[in-house]
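# Working through the structure, step by step
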Amino acid sequence: MEQKIVNVFLASPRGFCAGVDRAVEIVKKTINKFGAPVYVRHEIVHNQFVVENLRSLGAIFVEELSEIKDKSRPVIFSAHGVPKEVINEAKLNNIIYIDATCPLVTKVHREAETLAKEEYNIIFIGHKNHPEVIGTMGQIDNNYITLIENKDDIENYFPKVQNNKFAYITQTTLSVDDTLEIISLLKKKYPSIKEPIKSDICYATTNRQEAVKKIAKKCDLFLVVGSKSSSNSQRLVEVAKRFGCKESILMHSDQELPVDKIKNSKNIGITSGASAPEILVENLIKEIKSVTNVKLEEVITSVENVSFKLPTILIK
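The text that follows walks through the structure, step by step, so that each part is easy to find.

Assigned secondary structure in the protein consists of 12 helices and 12 strands. A compact globule built from 316 residues should have a C-alpha radius of gyration of about 20 Å, and the protein, at 21 Å, falls within 12% of that. Once the C-alpha set of the protein is aligned to its principal axes, its extents read approximately 70 × 55 × 30 Å. Evaluated residue by residue, the protein yields a buried proportion of 53% over its 316 residues. Just so you have it, the protein exposes about 15,500 Å², and 50% of that area is on carbon and sulfur atoms. In the protein, which carries 43 positive and 40 negative side-chain charges, the distance between the mean positions of the two groups comes to 3 Å.

This is the structure in structure tokens:
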């Protein structure tokens, strides 16, 4: 009897974005320049495989600068960005710091600063307690910025500055469609609300979501390689479901291969979050091939050629 073939559609673009590439490179180059160990505040990017690899090279991960035992060693700030008070603390303790904040996150920081100087009520669309949100809100006086997570928050929103100036900014890794819905409600409530000149949602987040949308409808199962703590990976799981795939699973480090679901599928979609290395996608495909026959097709919706410069301290 002829064995069944499962069609696997590989979304492209997927995986590492330019900001993640840069952040990982910063850790490696810092170790090369200063020797091990170097400290990294928070996971450099949200992926356990990447973190463990960098740990093996000599990176020590901490959540706060107070955990750094040897303050003569450099510290790297993660791609998600940090509040200003963390930079001030590093300066106060004479710690050499290297900022691996994604330039697209830094853009949002500068927007917040400019809007606060002009005394706008800033509505920040994002997810509470995400390090990027903590970092952005930590750029300015709390009186000027309020976090909005959903439609209900808009109903309950009360401006802190008593004027008629409103603006919004967003976390870079949100669902494009969810954010558009929230923005539309904000515009209804505040018709003159100031918006960013260019969307704050990063090109990589948008491109990965568009690639999933393209193939979700024809898939019985969608597998997203990424970490539980990765906002952009979680959004890809949601996008796959929203655009027509009934079953969408986040393939994080503890997630076992859903063998029965794979065997019962005709078409499977695969993608990976912006902090997931390609080796994890390759390993997943190998695992699928070990349980069923596979016909692999890469579906390319756009080609990325973005790259970001390294900090000056590492170029010298």
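Spatially, β7-β6-β8 is the arrangement adopted by the three strands of the open sheet, whose pairing is parallel. The open sheet has two edge strands with one neighbour each: β7 (145–148) and β8 (166–170). Mean inter-strand twist for the sheet, computed between neighbouring axes without regard to direction, equals 25°. Pairing of strand β6 (residues 121–125) with β8, which is carried by five bridges, proceeds in the parallel orientation. Bridge pairing links N121 to F166 in β8. Sitting on the sheet, helix α4 (residues 103–117) touches β6 and β8, and the angle it makes with β8 is about 165°. Sheet strands in contact with helix α7 (residues 176–189) are β6, β7 and β8, and its direction is about 155° off that of β6.

Evaluation of the coordinates by the stated rule reveals four aromatic pairs. With a centroid separation of 5.4 Å and 25° between ring planes, the pair formed by F77 and Y97 is classed as stacked. With F77 in strand β4 (residues 75–77) and Y97 in strand β5 (residues 97–99), this pair connects stretches of sequence that are 20 residues apart. Here F77 falls in the buried class, since its relative accessible area comes to 0%. Using a relative accessible area of 29% as the deciding quantity, one classes Y97 as partly exposed. When the centroid spacing of 6.1 Å and the interplanar angle of 90° are considered together, the rings of Y157 and Y190 count as edge-to-face. Of the two residues, Y157 sits in the loop between α6 (151–155) and β8 while Y190 sits in the loop between α7 and α8 (203–216), which places them 33 residues apart along the sequence. Relative accessible area serves as the criterion here: at 12%, Y190 is assigned to the buried category.

Of note, T173 is situated in the loop between β8 and α7. With relative accessibility at 12%, the residue T173 sits in the buried group. A distance of 3.0 Å separates polar atoms of two side chains, one belonging to T173 and the other to Q171. A distance of 3.3 Å separates polar atoms of two side chains, one belonging to T173 and the other to S231. For T173, the contacting residues outside a window of four places in its chain are E132, T205, S231, N232 and R235.

Glancing now at the packing of helix α1 (residues 18–34) against helix α2 (residues 48–57). The geometry of α1 relative to α2 is characterised by a closest axis approach of 10 Å and an angle of 10° between their N-to-C directions. In terms of their interaxial angle, α1 and α2 are classed as roughly parallel. Packed against α1, whose contacting residues are V24, V27, K28 and I31, the element α2 presents V50, L54 and L57 at the interface. Split by residue class, the contact of α1 with α2 holds six nonpolar, no polar and one charged.

Parameters at a glance
Residues numbered from 1 in each chain as written. Predicted model: local features only at pLDDT ≥ 70, side-chain atom pairs only at ≥ 80, totals over all residues. Heavy atoms only, no water. Helix = DSSP H or I, 4+ residues; strand = E, 2+ residues; numbered from the N terminus. Rg over C-alpha atoms; globule rule 2.2 N^0.38 Å. Buried < 20%, exposed > 50% of the residue type's maximum accessible area, 1.4 Å probe, protein only. Areas by Shrake-Rupley, 256 points an atom, 1.4 Å probe, with all protein chains shown as cover. Lys, Arg positive; Asp, Glu negative; His and termini not counted. Charge placed at Lys NZ, Arg CZ, Asp CG, Glu CD. Pairing = 2+ DSSP bridges. Axes fitted to C-alpha atoms, helices over the stretch in contact; angles between N-to-C directions. Contact = heavy atoms within 4.5 Å. Phe/Tyr/Trp six-rings, centres within 6.5 Å; stacked < 30°, edge-to-face > 60°. Polar contact = N/O pair within 3.5 Å; in protein donor to acceptor, adjacent residues only side chain to side chain. Parallel < 35°, antiparallel > 145°, perpendicular 65-115°, else oblique. Nonpolar A, V, L, I, M, F, W, Y, C, P; charged D, E, K, R; others polar.

Everything listed here is a matter of geometry and, on its own, says nothing about what the molecule does.
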